[in-house]
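# Breakdown of the fold
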Amino acid sequence: MSFPRQQARTRRFTIGVPRAFQISPDGRRMAFLRGRDGEDAATCLWIRDADSGHERVAADPRTVGTGDEDLPAEERARRERLRETGGGIVSYTVDAAFSRAAFTLSGRLYTVDLNAGGAPREVADAVAPVVDPAISPQGGAAAYVSGGALHVVGLDGGGDRVLAEPDGDDVTWGLAEFIAAEEMSRYRGLWWAPDGSALLAARVDDAPVDRWTISDPANPGAAAQTTAYPAAGTGDADVRLAVLSLDGDGAAEPRWIDWDRAALPYLARAGWTGGGGAAGSAEDSGAPEVVFTAQSRDQRTLVLMRADAGTGRVRRERTETDPAWVEIMPGVPAFTAGGETVWIGGGERDAHRVLLVGGREAGPADGCYLRSGADVVGARVLYSASPAGSPGEVGLWLLDTRTGATARVDAPETAGGGSGGGVVAGRLRGGTLVLQRRDMDSYGVRTVVLTGVGVGADGGTVAAEESGGVDSYAQVPDLPRPDVRFWAAGERRIPAALVLPSWYDPDSHVRLPVLMDPYGGPHAQRVVRSRSAYSTSQWFADQGFAVLIADGRGTPGVGVEWERAVHGDLAAPVLEDQVAALHDAAARFGCLDLDRVAIRGWSFGGFLAALAVLRRPEVFHAAVAGAPVTDWHLYDTHYTERYLGTPQQRPDAYVRSSALEGWADPARPLMLIHGLADDNVVFAHTQRLSSALLAAGRPHSVLPLSGITHMASEETTAENLLLLQVEFLHRSLGAHRSEG
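Cut-offs applied
- Residues numbered from 1 in each chain as written.
- Predicted model: local features only at pLDDT ≥ 70, side-chain atom pairs only at ≥ 80, totals over all residues.
- Heavy atoms only, no water.
- Phe/Tyr/Trp six-rings, centres within 6.5 Å; stacked < 30°, edge-to-face > 60°.
- Buried < 20%, exposed > 50% of the residue type's maximum accessible area, 1.4 Å probe, protein only.
- Helix = DSSP H or I, 4+ residues; strand = E, 2+ residues; numbered from the N terminus.
- Core = buried A, V, L, I, M, F, W, Y, C linked by side-chain atoms within 4.5 Å.
- Contact = heavy atoms within 4.5 Å.
- Pairing = 2+ DSSP bridges.
- Right-handed = clockwise from strand over helix to strand, strands pointing away.
- Axes fitted to C-alpha atoms, helices over the stretch in contact; angles between N-to-C directions.
- pLDDT = per-residue confidence, 0-100.

## Observations concerning the packing of aromatic side chains
In the structure shown here, the tally under the stated rule is 23 aromatic pairs. Centre to centre, the rings of Phe-103 and Tyr-110 are 5.8 Å apart; their planes meet at 10°, and the pair counts as stacked. Residue class for Tyr-110 comes out buried when judged on its relative accessible area of 2%. Aromatic side chains Tyr-639 and Tyr-643 sit 5.1 Å apart centroid to centroid with 70° between the ring planes, which places their arrangement in the edge-to-face category. Here the residue Tyr-639 and the residue Tyr-643 both occupy positions in helix α9 (residues 637-644), the gap between them amounting to four residues, near one helical turn.

Next up, the structure:
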């Protein structure tokens, strides 16, 4: 099977990888999602015993649901925001005791007993289509959204109750709005109180948001889709929070959580202290409170607040400010068992993010780049960071807040072996840690279960016992081991990686055409210590290219100042760093042909690829731009305004950052690829650039993808896109296809 077909069929080798782990309070059992093999997209819910390693399928969509998925529109939108390409059971929730789980299939609600086993059963009283259910902490009920209304249904009978109904045509309850899900990584809009007596819910009014239409020219008889899209400088959704009590019958009277929404309109995180799921584990021994964070429209202020659930009265706990923007950090706020707030914010060291526990600095280790909070269990805090000088490596540290001792928990001897230096994620509960490791030693993910986890007495070791691994059923790419060289390029020490053909002989002195393969923008890294990250690059290399990947200014991992370098200009710094990395690579390795340089990318990478041939044609000779953001007026408020301000305030920043401006001669071959159903980077981006190129008499190619969203994951499309790109690049550069 060819690599393009294998990658498409396996959805980039993600099918069969164990994921979405949840651990019982005592750490003895865990639940996770995984297909039955590397091409089985019907994901199952599995249960594993931590001591024996025994695994069983708790729910198989083939036996409990329909064979063909029929997803409600709200669920399709939610999966698009999550970049979820799987099928079957793609998410689930468990109760506090880990005795029961709830999930949906084709818009219907199911529950399964995690203790006794047995077949899952449909909750007949739930009103379809069911969207984003959350089981109550006590396990007897589930909250969900249907038709924009917030419902609660008994899982053992007792009927269904509408807790809150939309009070307008553009109002929904219990769902995350577009901006929250796409840009703030908040995918939920409802949260159970720890005692199950009430729900905290978001009320979203999309009336202030402009309406755009998305149509499919291949199906002229189909009605165009109307979507609320908050483009830069236009209105955002109005989001409120309310506590809805389950006392009584019928709809609940909202107890509004009121804050200064005019100054802080963005609801970034929400939940409860005391176990109700704010951003992380919350085991506060005091009375549960509502906790949330809200951000200003210019994103220079982020405020952590608490509210009394009975009165709605709000008090501010912490305020973060920054002259550029305040980053919304994953995994926080969270709470220790003693009630101390775990937070990531600014510390005494300028231009660094620090871990704060109860307001005092508690990490990370000197020079580390702090990435996120992971889990808080009792007095222990698990967090993610990159070691100083190693932005492509991601590790896990465990902090004991009682002693202040910190130890790294992902050493190779405790994380599945290997040479170290990989990308590690993990979940901790009840003394059990599930580690998932990607590194350069092998393709895919290795999952290791550690029990009895704690920081050693010397403060530098982790006390833990390995309890076996959780197998991945994912296929391995039918490729040679990637030949990757890592280094820091140029004066700015840009993280870079070069991938050469597996058949290439460096002693031959044959110069190879260059294919730059960046993302290059905020919130994404391409130069990471994971073999799987280079499988597509290796395939392109084996077609006869030296593939160069560089993470320039604006990308995460290096430092806060590095990220801030794109403030006010999303074009010049990122393009300059690609050119600098290219020239450094050519001087360093000697096998790159600078007369034949191409660039490809998707989304921000597509924008960068188009920008490269339009502004620097003396350097770049061909480009493939997939789903490019060509005109930042057309992209959403939260992302665009973070870097450029509003078009009304900073029109100059939009001109500087536009792919429609600043072209140079000569014209170079450019292929534009875009899904017509893309509701994130809409097709108008490519249409506007194509129209401008046509008006300027510049030849180019446009490949419109009917029915394809921002994720081109449909099997035939995904396979042929790779083949068409390599043919275009060979033709454009005059390169000869290698026999290798």
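## Concerning the nonpolar core
In this structure, Leu-592, Phe-620 and Trp-632 are the most contacted members of the largest nonpolar core, which totals 94 residues. When residues in this core are grouped by element, the largest group, nine residues, is from helix α8 (residues 604-615). Leaving out residues up to four positions away in the same chain, Phe-620 has contacts with Met-516, Leu-575, Gln-578, Val-579, Val-597, Ile-599, Ala-612, Val-613 and Arg-668. The next biggest cluster of nonpolar side chains, apart from the first, holds 30 residues, and it includes Met-440, Val-484, Leu-721 and Leu-722.

## Points about the pairing of strand β42 (residues 622-626)
The buried count for β42 comes to five of five residues, which makes it a mostly enclosed element. The side-chain alternation of β42 yields two buried faces, one formed by Ala-622, Val-624 and Gly-626 and the other by Ala-623 and Ala-625. As judged from the five bridges shared by strand β41 (residues 592-602) and β42, these two strands associate in the parallel manner. The residue of β42 that forms the bridge with Ala-598 is Ala-622. Chirality of the crossover, the property in question, places the unit of β41, α8 and β42 among those that are right-handed.

## Observations concerning the sheet that holds strand β24 (residues 314-321)
Pairing in this open sheet of four strands is antiparallel, and the strands run β21-β22-β23-β24 from one edge to the other. For this open sheet the edge positions go to β21 (266-272) and β24, each flanked by a neighbour on one side alone. Within the sheet, the average angular offset between the axes of one strand and its neighbour, ignoring direction, is 15°. As paired strands, strand β23 (residues 301-307) and β24 are joined by seven bridges and run antiparallel to one another. Bridged to Arg-306 within β24 is Arg-315.

## Quick notes on the confidence of the model for the chain
Residues shown with low pLDDT carry predicted positions that ought not to be read at fine detail. Of the residues in the chain, 94% reach a pLDDT of 70 or more, and the chain-wide mean stands at 92. Throughout residues 276-285 the model reports pLDDT below 50, and contacts reaching past four residues in sequence, or to other chains, amount to 42 contacts.

## What to know about the sheet that holds strand β26 (residues 341-346)
Spatial strand order, β25-β26-β27-β28: four strands in an open sheet with antiparallel pairing. Of all strands in the sheet, those bounded by a partner on one side alone are β25 (334-335) and β28 (360-363). With two bridges joining them, β25 and β26 adopt antiparallel strand pairing. Residue pairing across strands places Ala-334 opposite Val-342, the latter belonging to β26.

## Concerning unusual backbone geometry
Residue Pro-129 follows Ala-128 across a cis peptide bond; omega there is 0°. Counting through the fold element by element, Pro-129 comes out in the loop between β9 (121-122) and β10 (131-135). Following Asp-665, the chain continues into Pro-666 via a peptide bond in cis, with omega recorded as 0°. Note that Pro-666 resides in the loop between α10 (651-656) and β43 (670-675). Residue Arg-493 is not a glycine yet carries a positive backbone phi of 55°. The exposure class of Arg-493 is exposed, given its relative accessible area of 58%. With a phi close to 60°, His-509 is a non-glycine residue in the positive phi region. Looking at the element boundaries, His-509 is found in the loop between β38 (494-500) and β39 (512-516).

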